[in-house]
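Chain residues, written in single-letter form:
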Amino acid sequence: MVEPASGAGDAAEALDRPLPEGVRRRVVGFVSDAFGGLTLADLPAQLRQYARFTPTRRAKFAGNAMASALESDPVFRGRIGEKLKEAQPELAGALESGVPPAAADPLDVAAAAYVLRPPGWVKLVAAAGEEVERADAERAGEETQRELERLRAELAGLREQQKTGGEQLRQELDAAKKEAESLQRKLRSALNDVKRGEAALRKATGEIEAVRAEAAGQVAAAESEARRLKSRLGEAEAALEASRRATREGRSVEDMRVRLLLDTVLESAQGLRRELALPPVSVRPAETVDAVEPGRMTPKDIAARALSETDPALLDQLLALPQAHLVVDGYNVTKTGYPTMPLEKQRLRLLGGLSMLAAQTGAEMTCVFDGAELAAPVLLAPPRGVRVLFSKPGVTADELIRQLVRAEPPGRPVVVVSTDREVADGVAKSGARPVASAMLLKRLSRIS
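Residues take numbers from 1 onward in each chain, read along the sequence in its written order. Owing to the predicted nature of the model, reporting of local features is limited to residues with pLDDT of at least 70; listing and counting of side-chain atom pairs is limited to 80 or more, with chain, interface and lining totals taken over all residues. In computing side-chain properties, one takes all heavy atoms of the structure into account and sets aside hydrogens as well as water.

Enquirer: What should I look at first to understand the side chain of Glu-408 in this one?
Expert: Strands here mean DSSP runs of E at least two residues long; helices mean DSSP runs of H or I at least four residues long; both are numbered from the N terminus. Assignment of secondary structure puts Glu-408 in the loop between helix H12 (397-407) and strand S4 (414-417). A 1.4 Å probe rolled over the protein chains alone gives each residue an accessible area, and that area as a share of the maximum for its type sets the label: buried under 20%, exposed over 50%, partly exposed in between. Owing to a relative accessible area of 17%, Glu-408 belongs among the buried residues under this scheme. Two N or O atoms count as a polar contact when they lie within 3.5 Å, although within protein this holds only if one can serve as hydrogen donor and the other as acceptor, and sequence-adjacent residues are included solely when both atoms are side-chain atoms. At 2.7 Å, the side chain of Glu-408 forms a polar contact with the side chain of His-325. Every residue pair with non-hydrogen atoms within 4.5 Å of one another is taken to be in contact. Other than its neighbours up to four places away in sequence, Glu-408 contacts His-325 and Val-414.

This is how it looks when you write it as structure tokens:
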């Protein structure tokens, strides 16, 4: 373990203004890259939760925490300085000798000086800040010059466009006059067409009146023919009814013979039933249709019923099912509800809430934690009513949850609490009902 030689240098030299933003980004980059070479014990307590992050995610989400730890923790700064010396020995050696390389990036020199704290490091950091401000000013000046040139070119184009616009407007005015004259000629032609159309309409109206008169005569003749046909139809219907009565009287004997034969067949069937001692029918066709009967619902049969996916009432409905089994993705729930707490306190808080929930609902409960997060075996007494499992080395908590779901018999209500989409999809295929971690957190908040 590397310890700082003395704190006298830091006390003698200190920044009188905030660290320039460019230098701060390089410092955070150094610390993020150096994480891979440190153990959990080498990291300050507030940074251990970011040890499994990639360097890019670590720099994005833990930048402020790393910068604060580097400034306030001399031991941690010394460890980062050793990693920096291993990664950039030439730059570190030049800074310790008091002669920074002239060709090096000023930001890299200032960031390394801030971490290593050689004599005169404050001047190097201040010089880097001034260099960055000067470069930004030069870039802003160049951009302003380019924008000014662009505006000048645009103004020249507008002037040229205005010069040619007057001639174009005159040409468009002449074209509009010619078009107006053409439209007037078309209008006069259209008026003549309207007059001819009105004359044709009057002629057509006269012809229509003649056709109507002829049609009225044909309708009168058709009505007379319809009355004659109706009279003949009545005579035909009377003859048909007489024929039907004669047919019914002839069939009465045949009906009697058929009825006698049918009674004989029925009596024979009853005698055969008594002889064979056939039992009465006990199964009805409606009982063969596959459906959900009352009291036999599964987690998939419970609809949202106007409840949101994070409403605790939906979880209460699921846990009320007979023999329900609640499987909880432990760290997924705790890091959703209280991520800033240490892992041990996260586990104790969640397990305490699950124990009270188990006492209220009577459902079986299993809480699964990822064993990869553990540096040593956990000495933990599981609370009453809650089974606590840690995944073995090489097995993730997600896979352990899927094994638990597959171990259950088909038809048993199994509810899995996790916001991990891969876990939710996997357990759903095995017949379990996935719910969001926010739903369980809201339900536990009612208990506490």
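Enquirer: What should I look at first to understand the packing of helix H11 (residues 343-361) against helix H14 (residues 437-447) in this one?
Expert: For any two helices packed against each other, the geometry comes down to the angle between their axes and how far apart the axes lie. To get an axis, fit a line to the C-alpha atoms, keeping to the stretch in contact for a helix; angles then go from 0 to 180 degrees between the N-to-C directions. Between H11 and H14, the least distance of the axes is 10 Å, while the angle of their chain directions is 75°. Judged by the angle between their axes, H11 and H14 are roughly perpendicular. For the pair H11 and H14, the contacting residues are Leu-350, Gly-353, Leu-354, Met-356, Leu-357 and Gln-360 in the first and Leu-440, Arg-443, Leu-444 and Ile-447 in the second. All amino acids are sorted into three groups, where Ala, Val, Leu, Ile, Met, Phe, Trp, Tyr, Cys and Pro are nonpolar, Asp, Glu, Lys and Arg are charged, and the leftover types, Gly among them, are polar. By residue class, the composition of the contact of H11 with H14 is 7 nonpolar, 2 polar and 1 charged. Note on terminology: angles under 35 degrees are roughly parallel, angles over 145 are roughly antiparallel, angles of 65 to 115 are roughly perpendicular, and the others are oblique.

Enquirer: Explanation requested: the pairing of S4 in the structure shown.
Expert: Moving residue by residue along a regular strand, the side chains alternate between the two faces of the sheet. The side-chain alternation of S4 yields two buried faces, one formed by Val-414 and Val-416 and the other by Val-415 and Val-417. Strands pair, by our definition, only if DSSP identifies at least two bridges between them. Where S4 meets strand S5 (residues 433-435), 3 bridges bridge the pair, whose relative direction is parallel. Bridged to Val-416 within S5 is Pro-434. A clockwise path from the first strand over the helix to the second, with the strands pointing away from the viewer, defines a right-handed crossover. For the crossover that starts at S4, traverses helix H13 (residues 421-429) and ends in the parallel S5, the hand is right-handed.

Enquirer: Whenever I open this one, the sheet that holds S5 confuses me. Can you help?
Expert: Sheets are built from strands paired through backbone hydrogen bonds, the pairs being either parallel or antiparallel. Overall, parallel pairing links the 5 strands, which are arranged S3-S2-S1-S4-S5 in an open sheet. In the strand order of this sheet, the two ends are held by strand S3 (386-390) and S5, each with one partner. When the angles between neighbouring strand axes are averaged without regard to direction, this sheet yields 20°. Along the sheet face, H12 touches strand S1 (325-329), strand S2 (364-369), S3 and S4 and points at about 155° away from the line of S2.

Enquirer: Explanation requested: the packing of aromatic side chains in the structure shown.
Expert: Within a pair of aromatic rings, the relevant descriptors are the distance that separates the centres and the angle that separates the planes. Each Phe, Tyr or Trp ring, with Trp reduced to its six-membered ring, pairs with another whose centre is within 6.5 Å; inter-plane angles below 30 degrees give stacked pairs, above 60 give edge-to-face pairs, and intermediate values give tilted ones. As enumerated under the stated definition, the model contains 2 aromatic pairs in all. Three or more aromatic residues joined by ring pairs form one cluster here, namely Tyr-331, Phe-369 and Phe-390. Lysine and arginine charges are scored as sitting over a ring when NZ or CZ, respectively, is within 6 Å of the ring centre and within 35 degrees of the ring normal. Lying over the aromatic face of Phe-53, Arg-57 brings its terminal NZ or CZ to 4.3 Å of the ring centre. Of note, Lys-335 hangs over the ring of Tyr-331, and the distance from its end group to the ring centre comes to 5.5 Å.

Enquirer: Whenever I open this one, H11 confuses me. Can you help?
Expert: Because the α-helix completes a turn every 3.6 residues, residues three or four places apart line up on one side. Residue count minus one, scaled by 1.5 Å, sets the expected span of a helix. Taking 1.5 Å per residue as the helical rise, H11 with its 19 residues ought to reach 27 Å, and the 27 Å between its terminal C-alpha atoms agrees with that figure. Turning to H11, its buried residues are Gln-346, Arg-347, Leu-350, Leu-351, Gly-353, Leu-354, Ser-355, Leu-357 and Ala-358. Against the buried residues of H11 lie helix H9 (312-319), S1, helix H10 (330-337), S2, S3 and H14. Once H11 ends, the next one or two residues include Gly-362, with phi positive near 75°.

Enquirer: For this particular structure, what's the right way to read unusual backbone geometry?
Expert: A negative phi holds for most residues other than glycine; trans holds for most peptide bonds. Residue Gln-323 is not a glycine yet carries a positive backbone phi of 60°. With respect to the helices and strands, the residue Gln-323 is situated in the loop between H9 and S1.

Enquirer: How do you make sense of the pattern of salt bridges when you look at a structure like this?
Expert: For side chains bearing opposite charge, pairing can occur when the charged atoms are close. The rule for a salt bridge is simple: a side-chain nitrogen of Lys or Arg has to be within 4 Å of a carboxyl oxygen of Asp or Glu. Counted by the stated rule, this structure contains 12 salt bridges. Of the charged contacts in the structure, one is a salt bridge between Arg-196 and Asp-193, with a shortest N-O distance of 2.0 Å. Residue Arg-196 and its partner Asp-193 are both found in helix H8 (residues 121-276); the two are separated by 3 residues, about one turn of the helix. By relative accessible area, Arg-196 is classed as exposed at 54%. Since its relative accessible area comes to 41%, Asp-193 is described here as partly exposed. Residues Arg-387 and Glu-364 are paired through a salt bridge, measuring 2.9 Å at the closest nitrogen-oxygen approach. Of this pair, Arg-387 sits in strand S3 while Glu-364 sits in strand S2, and the two are 23 residues apart along the sequence.

Enquirer: Please clarify how the environment of Asp-42 should be interpreted in this entry.
Expert: Along the chain, the position of Asp-42 falls in the loop between helix H2 (21-34) and helix H3 (55-61). Separated by 33 residues in the primary sequence, Asp-42 and Val-75 place their C-alpha atoms 9.1 Å from one another. Setting aside residues no more than four positions away along its own chain, Asp-42 makes contact with Phe-76 and Arg-79.

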